[in-house]
Each structure stands twice: as C-alpha cells, then as structure tokens.
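Close look at the chain arrangement
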Amino acid sequence: MNIGIAGLGLIGGSLGLDLRPLGHYVWGISRSPDTCLQAVAMGAVDVACLDSEMIPYLDKTDVVIVCTPIASILPTIATIAPRLQSSTIFTDVGSVKSAIVEPATQLCDRFVGSHPMAGTAFSGINAAKRNLFHQRPCVVTPSQDLEAMAMVRSLWESVGAIVYECSPEAHDRAVAWISHLPVMVSAGLLLACEQEVDGEVAQLAQNLASSGFRDTSRVGGGNPELGRLMAEYNQPALLKTLHTYQDILGSLISAIESGNWDAVQALLAKAQTARPLYVE
Ligand code: NAP
C-alpha cells in the first residue's frame, strides 16, 4: 500500500519503522526539515517533506495516518484531504476520540478513529522505535464505511496491535481512568514531594528514591504538553475520575487519621485484588 504519515514523532516514526519492512511505500510530513531528514535516515519513511504537495505518488495514497499532537489533527486532515483522491482512508492516533471523530468525519468521508495504547517517556522522531505496538491494545472507532474500518483494523493488526472496537465516548471515559487520571495522580505525587521544606530531608528523599518511585512517578514526569491536551480535550471524563480519586484519598486519610488500621488494610486489600484486572 501507499501510506502517508502526518507528524513524524514517537508514534508516527514508530509506525513507519514497522510498516516499511512489511513492503509498504511510506511517505511522511512534519514541520521541521531536520525531522524529515532524520525520519528518512532512520528508515521510518521512504520520503518526507514539509508539505504533502511535494510528495511523489501522493495521488496514489491508500491511507493517511495522522500522528500530530491532538490540537493539530483536524487542521492536518483539513489541509491534506482535499489534495488526495476521495477513496483515500484517513485515521488518527490521538489520545482522545470524541473531540476528533465526528468533526474528522465531516472533513473526510472515509475517516476511522484509532488510538494505540503504546508510548514511552520520550517524544520526537529520535524516540521512534520498532515493535512499539506489538501486543499493545489499540482502539478503532466504529464507522459506516465497513471497508475503511476493516483496512484500519488490519493496519494495526499488521504491526502486532490487539484491536478493540468502541465508541469515541466509551473510549474517552475508559482512558480517563487508566491513562489520563494516572498522569494527573503521578504529577500530583511529584508536586507533593517538592513541597518538602526541609532541604536536608528533600535531598535525602531524592537520594533514596528507587524502583517504586520510578514506577509511580513515570507518567507524571512525562511530556507536559501531552498531559495538558488530555485535560483540555477530555475534561468532563477526567474531572469525574479525579473527583472519585479525591473521595478515595479522603477515605484513606480519614482511616489513617483515626488510627483505623483495619480500614486502611481493607482499602489496600481491595486495591491489591483490583490490580490484576488491569495489568499482569
Ligand atoms: P511527538 O513525539 O511529539 O510527535 C509529534 C510529532 O508531530 C512531532 O515530532 C512534530 O514534529 C510533529 N508535528 C507537530 N505538529 C505538527 C503539525 N502541525 N503538522 C505536522 N507535524 C507536526 O508526539 P507523539 O507522542 O508521537 O504523539 C502524537 C500523537 O499520538 C498525539 O496525538 C498523541 O495524543 C498520540 N498518542 C501518543 C501516545 C504517547 O504515549 N506518546 C500514545 C498514543 C497516542 P516536528 O517538530 O518536526 O513538527
């Protein structure tokens, strides 16, 4: 197939690295000449330019995967779609779906939303890596265009992802719990630690931080722009999860304040039982 990738960063570059060895011709666009040069040099794309109009065989494109930051997804589709045949399928990888799928379908008949649940703490083309999506869940949103849906689904399956189909609304509520809330909680943890006023204790805490702190602080110490976009574009669902989290924290605080150690243990036992439901 002839595949376009708009936005050559962690996700777009990683997709290119996996798709080219499958025999696809992959073109890319990004905003910076350095990103384009690097994407070609590392084998993520066959060709990359700042402007899609400069891409060879553009009119033969089968599918475009929009991998820009969330705020640029709709403007990118609006720019590229009119330059391509109407048969070209579009998908995106944005971490929210309600704000994107409906308006994107207005811009392009053959749009199917996607969201691969894969990432690292790094961003940009230099963070791109092979097999990022292998054995990772990937959401595909429903469309009346069954052929487009099947093609987007098989695209993700070809890079090893496990595809789940769900509505944009269900997606946004689910990822609020397992992706967006953890970013805010983990950031809150880091910000709370920074409140220690005794310099000696603060330094000791930094020296003693080990694997547990590494695990719990990882997503909160990531790209702030991405976290902002999660809050901005998934505000109602994220707020609901944050308020529930606040209530649970309140229960833990009350139990600890009153020395009700059985209640503390009972809450932690419930948490222990819940964890395997989400991760191995
Ligand atoms: P990233 O590493 O920062 O990559 C985004 C790339 O897009 C940048 O390298 C940038 O390259 C390019 N770009 C920015 N604005 C652009 C524009 N207007 N037109 C064309 N290219 C543009 O970010 P990412 O982590 O790959 O995230 C990209 C998308 O994937 C986001 O929508 C995000 O919600 C989604 N996502 C992220 C993760 C994750 O964990 N990171 C997971 C799943 C989905 P230049 O500087 O060269 O312009």
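Residues numbered from 1 in each chain as written. Predicted model: local features only at pLDDT ≥ 70, side-chain atom pairs only at ≥ 80, totals over all residues. Heavy atoms only, no water.

What to know about unusual backbone geometry
- Phi is positive for Y57, close to 60°, though the residue is something other than glycine.
- Tracing the backbone shows Y57 in the loop between β3 (47–49) and β4 (63–66).
- Assessed through its relative accessible area of 54%, Y57 is described here as exposed.
- With a phi close to 65°, N131 is a non-glycine residue in the positive phi region.
- Looking at where N131 falls in the secondary structure, it is placed in the loop between β7 (114–116) and β8 (137–140).
- For N131, a relative accessible area of 49% translates into the label partly exposed. (Helix = DSSP H or I, 4+ residues; strand = E, 2+ residues; numbered from the N terminus. Buried < 20%, exposed > 50% of the residue type's maximum accessible area, 1.4 Å probe, protein only.)

Looking at the pairing of strand β5 (residues 89–92)
- The two faces of β5 match: I89 and T91 on one face and F90 and D92 on the other face are all buried.
- Alignment of β4 against β5, held across four bridges, turns out to be parallel. Its bridge partner being in β5, I65 is matched across the sheet by T91.
- With respect to chirality, the unit in which β4 leads through helix α3 (residues 70–80) into the neighbouring parallel β5 is right-handed.
- Strand direction decides the pairing type here: β5 and strand β6 (residues 111–112), joined by two bridges, are parallel. Residue pairing across strands places T91 opposite V112, the latter belonging to β6.
- At this point the chain moves from β5, through helix α4 (residues 98–107), to the parallel β6, and the crossover so formed is right-handed. (Pairing = 2+ DSSP bridges. Right-handed = clockwise from strand over helix to strand, strands pointing away.)

Describing the environment of A161
- Following the sequence through the fold, A161 ends up in the loop between α5 (146–158) and β9 (162–165).
- On the accessibility criterion, A161 (8% relative accessible area) is buried.
- For the pair A161 and A118, spaced 43 residues apart in sequence, the C-alpha to C-alpha distance is 9.4 Å.
- Every residue in contact with A161, bar those within four places of it in the chain, is listed here: F133, R136, C138 and W156. (Contact = heavy atoms within 4.5 Å.)

Quick look at the packing of helix α10 (residues 235–257) against helix α11 (residues 261–278)
- In the contact formed by α10 and α11, the axes pass within 7 Å of each other and the chain directions differ by 150°. In terms of axis orientation, α10 runs roughly antiparallel to α11. Both α10 and α11 take part in a crossing whose hand is left-handed. Here S251, L252, A255 and I256 of α10 come into contact with α11, specifically with W261, A263, V264 and L267. (Axes fitted to C-alpha atoms, helices over the stretch in contact; angles between N-to-C directions. Parallel < 35°, antiparallel > 145°, perpendicular 65-115°, else oblique. Left-handed = near helix turned anticlockwise from the far one by under 90°.)

Focus: the site of the ligand
- In the neighbourhood of the ligand, 25 residues make up the surrounding shell, with R31, T35, T68, S95 and G124 lying closest.
- Between the ligand and R31 there is a distance of 2.7 Å, counted from an oxygen atom to a side-chain nitrogen or oxygen.
- Burial of the ligand by the protein chains amounts to 84% of its free accessible area of 880 Å².
- With three residues, α3 is the single largest residue contributor to the shell around the ligand.
- Split into classes, the residues belonging to the shell around the ligand amount to 11 nonpolar, 13 polar and one charged. (Near = heavy atom within 4 Å. Polar contact = N/O pair within 3.5 Å; in protein donor to acceptor, adjacent residues only side chain to side chain. Areas by Shrake-Rupley, 256 points an atom, 1.4 Å probe, with all protein chains shown as cover. Nonpolar A, V, L, I, M, F, W, Y, C, P; charged D, E, K, R; others polar.)

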